[in-house]
Amino acid sequence: MKRFLLSLTGIVSIALAVMPSVSEAADRPHILWITSEDNGPHLGAYGDTYATTPNLDGLAARGMIYLNAWSTAPVCAPARTTIISGMYPTSTGSQHMRSMTRLPEGFRMYPQFLREAGYYCSNNSKEDYNLRKPGRVWDDSSNEGHWRNREPGQPFFAIFNFTTTHESQIRSRPHTKKHDPRKVPVPPYHPDTPETREDWAQYHDKMTEMDARAGELLKQLEEDGLAGDTIIFYYGDHGSGMPRSKRWLYNSGLRVPLIVYVPPKFAHLAPEGYVAGGSSRRLVGFIDLAPTVLSLAGIKPPDYHQGHAFMGPHATEAPAHLFGFRDRMDERYDLSRAVRDERYLYIRNYMPHRPQGQYLDYMFQTPTTRVWKEMYDAGELQPPRTYFWEPKPVEELYDMQNDPHQVDNLTGSPGHRPVLERLRKAHRDHVLEVRDLGFLPESEIHSRAAEGTPYEYGQSRDYRLGRILDVAQLAASNDPGAPGTLRRRLEDSDPAVRYWAVMGFLIRGEEAVGETRASLRLALEDDSPSVRVLAAEALGRHGNVVDVELSLKVLAAHADLRKHGLFVALLALNAIDGLGGKAAPIAGTIRELPTRDPVLDNRLSSYAQRLVEKILEDLAKLEADKLEAGEK
């Protein structure tokens, strides 16, 4: 594994390498990125006969579509963080939804390289990165950002991001229908209800609106006489805003449309196999976008970029795999990793006891989510529509060719054993190569970095990832011999190892917790607050009356974000929520908890409050149900 700490000499060398002459800059292509939020490849160009997207279909007819493009992360902030840095957020500690950290000294975001090369770089207008900007990144990042604001003759790189298709827009009512809900295709994992059909139809309506806006932008390019000089990309930022799409590691969450148009003038920069109206099966991820745009501008991507350029003079061979990740989503913790080749998708779930459909306040505002959960609770659903609300399998393997919605898990298929083992290895190799920081509790990502950066800590020998990963994989496994090893790991010197050892008992439930009660009670006084919280959750969920009392005391104390920080508090609040009615004795304490901290990034400010409100609402409902039952 390479170590990527740049010296001052290296920084100067890169700066000199990318500084072109005026004539060189004039010969470079303009580059336009049209992006849209929360939508998969639901376009006519991708074979969706229900879609109405004439402008993007027209762009595809002139250009080329990528059939196997992935977002890397199935939610916006980590996805954008991947793009802007050219690095996996799992290696920079920025993978959790709306976390915030920074890059090492000397590392830059890709527009900074473009600006040094003479490009005018505008972003209209969303940023939403999980990394602090290392100096000035854009010439203009605002609602006014436009190529028209550049100097005469200056090459431009411009992003226009459309929020028309965002999750919040598919449930906004009242709405004038354009697509007939009776004709909408409903995926097999969703219940076929009027609410589901309304939401999917409105999503397609919003796709049509977004397509019209893309058409207006393409028209502006023509009017300005720039169409023949501009390489155009269109892509969505991850899957649709429907439940089980956005935020999840299936194709419904990670697969995106990617259309590339290269004018004849710059045919030498086109990707391999480029023909008008054609398609490419090359595996392309968001991790590849930064090195690709630098390559198009004639800039050699820096060594710390972790993707593969697929256009321009610095294009590389196609990768064999794409990788995806799922970590904390808003207020809910989870950890899953995905790897795919052209045909198969493998998912490794490290917290299988947590269902896919953990309650997320934002997700439950969508009618489909609510009716789906109500039908599950009422016992009205059959597989595969039940899977979303149940504990996850440890491993998932899907044949995307024969199972486009990924509902038939092949991990138990003897005929697919070689595929399973190959993708298991690809997953583990990737985790070790990028030095995935997701195997640390979120609070420790920041505390271990101290005055440095998470990336630098992750690259150091202090991060004993191989040992931590071994325990994490054992914890989330079906190995009947695991408890003995996990019990020994409870005394390990590394708190991350102890954290995963405790996780193993939490996952295994009542019998395993009972057999390890004494050790888990000792873990309530561990040096690591994350270990203390997880031990309290295990004892509170699966222990006896005394265990529950001890658990509640620890969890109530750690749920105070001003004493322990937001990430420990979120871990504790999630644990309290998981205890259900057992948490009733500390309802008063929960009610008095601080839920805001003025030092927090505003994007994180509502997460603790959402959990507190949910816990108190559920406890009140349980109490009301008891009273009603007593009256009867």
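Since the structure is predicted, the reported quantities are computational estimates derived from the model, not experimental observations. (Residues numbered from 1 in each chain as written. Predicted model: local features only at pLDDT ≥ 70, side-chain atom pairs only at ≥ 80, totals over all residues. Heavy atoms only, no water.)

Trainee: Even after reading the chapter, I still don't get unusual backbone geometry, so can you show me in this structure?
Mentor: What you tend to see is this: most non-glycine residues have negative phi, and most peptide bonds are trans. For the bond from asparagine 124 to serine 125, the omega torsion is 0°, close enough to zero to count as cis. Of note, serine 125 is situated in the loop between β3 (120–124) and β4 (140–141). Going from proline 383 to proline 384, the amide bond is cis rather than trans, its omega being 5°. Residue placement: proline 384 occurs in the loop between α10 (367–377) and β12 (395–399). Here threonine 72, not a glycine, exhibits a phi torsion of approximately 75°, which is positive. Looking at the element boundaries, threonine 72 is found in the loop between β2 (64–70) and α4 (76–85). (Helix = DSSP H or I, 4+ residues; strand = E, 2+ residues; numbered from the N terminus.)

Trainee: Help me understand the packing of aromatic side chains in this model?
Mentor: The way to describe two aromatic rings as a pair is by their centre distance and the angle between their planes. Here the structure, examined in full by the defined rule, presents 27 aromatic pairs. Seen in terms of ring centroids, tryptophan 33 and phenylalanine 233 are 5.7 Å apart; in terms of plane orientation they differ by 40°. Their pairing is tilted. With tryptophan 33 in strand β1 (residues 30–36) and phenylalanine 233 in strand β6 (residues 230–236), the pair connects residues that are 200 residues apart, well separated along the chain. Each of the two residues, tryptophan 33 as well as phenylalanine 233, counts as buried. (Phe/Tyr/Trp six-rings, centres within 6.5 Å; stacked < 30°, edge-to-face > 60°. Buried < 20%, exposed > 50% of the residue type's maximum accessible area, 1.4 Å probe, protein only.)

Trainee: What is the right way to read the nonpolar core from this model?
Mentor: When a protein is soluble and globular, its nonpolar side chains tend to lie buried together. Grouped together as the largest cluster of nonpolar side chains are 101 residues, with contacts concentrated most on Phe439, Trp500, Leu573 and Ile576. For this core, the leading source of residues is helix α22 (residues 566–578), giving 10 residues. Setting aside chain neighbours within four positions, we find tryptophan 500 in contact with Leu335, Tyr350, Met351, Phe439, Ile468, Val471, Ala472, Ala475 and Leu486. Of all hydrophobic cores here, the second largest spans 83 residues; its members include Tyr46, Ile65, Phe233 and Val293. (Core = buried A, V, L, I, M, F, W, Y, C linked by side-chain atoms within 4.5 Å. Contact = heavy atoms within 4.5 Å.)

Trainee: I'm lost on the pairing of β2 in this one. Help?
Mentor: The buried count for β2 comes to 7 of 7 residues, which makes it a mostly enclosed element. Two elements, β2 and strand β8 (residues 278–285), share 6 bridges in a ladder whose sense is parallel. The partner of tryptophan 70 across the bridge, within β8, is glycine 285. (Pairing = 2+ DSSP bridges.)

None of the figures reported here should be taken as evidence of function without further support.
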